[in-house]
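Reading the structure
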Amino acid sequence: MDLTSYPLSMLVIFIVAMVMSSISTTLNKKFIDPNLMRRFREEYKELTRLMKELRKESDPDRKLKLERKIKKKQARVTSLQAVIAKQNLKIYLVTLVPFLIVFWILSMIFGMNPVAHLPFDAPDFPLVSAFARGRNLTFIGWYALSSIFLVSLLNRIFKIHV
């Protein structure tokens, strides 16, 4: 059984992407505080509302009050953002080495050979050529598409709002 032949290559890479996405999602679920994320979204939404209100306001006194409120809200949003970024960085550092090892193994197995086929020709841009050539996707392109799909699906299933 040749793992590099189409369509088996698609399935192998999809399964690898599923495992890596599951690990990433599990770590997100375990280490990112959902209440903190919810509070950040609420604070950010309120900040956006206040900024819109400030743009519409014509009364100088009211404008000054809104500017003070916005300044306080921005400080809270920034501090929440820093805490969330720290949590995300921990997850990133934990998953980086396994991800690099998996990518190295996949590159040894598949190289730049086509592993999947697109129903259309890929645009001919320098960055895109690492992912696709014509209608053929390399393992990087197929992994990226699979991973994007799987991460968004798993985040919805587990109600993770990143």
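Structure: see above.
Once a new chain begins, its residue numbering starts again from 1 and follows that chain's sequence as written. For this predicted model, a pLDDT threshold of at least 70 governs which residues receive local features, and a threshold of 80 or more governs which side-chain atom pairs are given and counted, while totals over whole chains, interfaces and linings are taken from all residues. Working from all heavy atoms in the structure, the side-chain values ignore hydrogens and water.

Helix and strand assignments come from DSSP, with helices taken as H or I runs of at least 4 residues and strands as E runs of at least 2, each series counted from the N terminus. A helix is expected to span 1.5 Å multiplied by its residue count minus one. In this model, helix α4 (residues 139-157) (19 residues) spans 26 Å end to end at C-alpha, consistent with the 27 Å of a helix rising 1.5 Å per residue. Think of it in three bands: with a 1.4 Å probe and only protein chains considered, a residue is buried below 20% of the maximum accessible area for its type, exposed above 50%, and partly exposed in between. Buried within α4 are the following residues: Phe139, Gly141, Trp142, Tyr143, Ser146, Ser147, Leu150, Leu154 and Asn155. Between two residues, a contact is recorded if the distance between any of their heavy atoms is within 4.5 Å. Contact partners of the buried residues in α4: α1 (8-31), α3 (60-110), β1 (116-117) and β3 (136-137). One or two positions beyond α4, positive phi appears at Lys159, with a value near 55 degrees.

Pairs of aromatic rings are described using the distance from one ring centre to the other and the angle between the two planes. Each Phe, Tyr or Trp ring (for Trp, its six-membered ring) is paired with any other whose centre lies within 6.5 Å, and the angle between the two planes then decides the class: stacked below 30 degrees, edge-to-face above 60, tilted in between. Taken as a whole and judged by the stated rule, the model has 5 aromatic pairs. Aromatic pair Phe99 and Phe103: ring centres 4.8 Å apart, planes at 35 degrees, arrangement tilted. Taken together, the residues span about one helical turn, with Phe99 and Phe103 both in helix α3 at a distance of 4 residues. According to the relative accessible area criterion, Phe99 is partly exposed, its value standing at 30%. Taken together through their ring pairs, the aromatic side chains of Phe99, Phe103, Phe139 and Tyr143 make up a single cluster.

The subject of this paragraph is the pattern of salt bridges. By definition, a salt bridge exists where a carboxyl oxygen of Asp or Glu is found within 4 Å of a side-chain nitrogen of Lys or Arg. By the definition in use, this model includes 8 salt bridges. Arg49 serves as the salt-bridge partner of Glu46, at 2.7 Å between the closest nitrogen and oxygen. Here Glu46 and its partner Arg49 are both found in helix α2 (residues 34-56), 3 residues apart, which amounts to about one turn of the helix. On the basis of relative accessibility, which here comes to 26%, the residue Glu46 falls in the partly exposed class. In this structure, Asp121 and Arg135 form a salt bridge, with 3.5 Å as the shortest nitrogen-oxygen distance. In this pair, Asp121 is assigned in the loop between β1 and β2 (132-133) and Arg135 in the loop between β2 and β3, connecting sequence segments 14 residues apart.

Attention shifts here to α1. Compared with the 34 Å implied by 1.5 Å per residue over 24 residues, the 35 Å span of α1 between its first and last C-alpha is a close match. By the burial criterion, the buried members of α1 are Ser9, Ile13, Ala17, Met20, Ser21, Thr25, Leu27 and Asn28. Buried-residue contacts for α1 involve α3 and α4.

Moving on, we get to the sheet that holds β3. The sheet built from 3 strands is open, its strands ordered β1-β3-β2 with antiparallel pairing. Sheet topology places β1 and β2 at the edges, where each strand pairs with a single neighbour. Pairing between β1 and β3: 2 bridges, direction antiparallel. Bridge assignment links Ala116 to a residue of β3, and that residue is Leu137. Any two strands with at least two DSSP bridges between them are considered paired.

The quantities given are spatial measurements derived from coordinates; they are silent on function.
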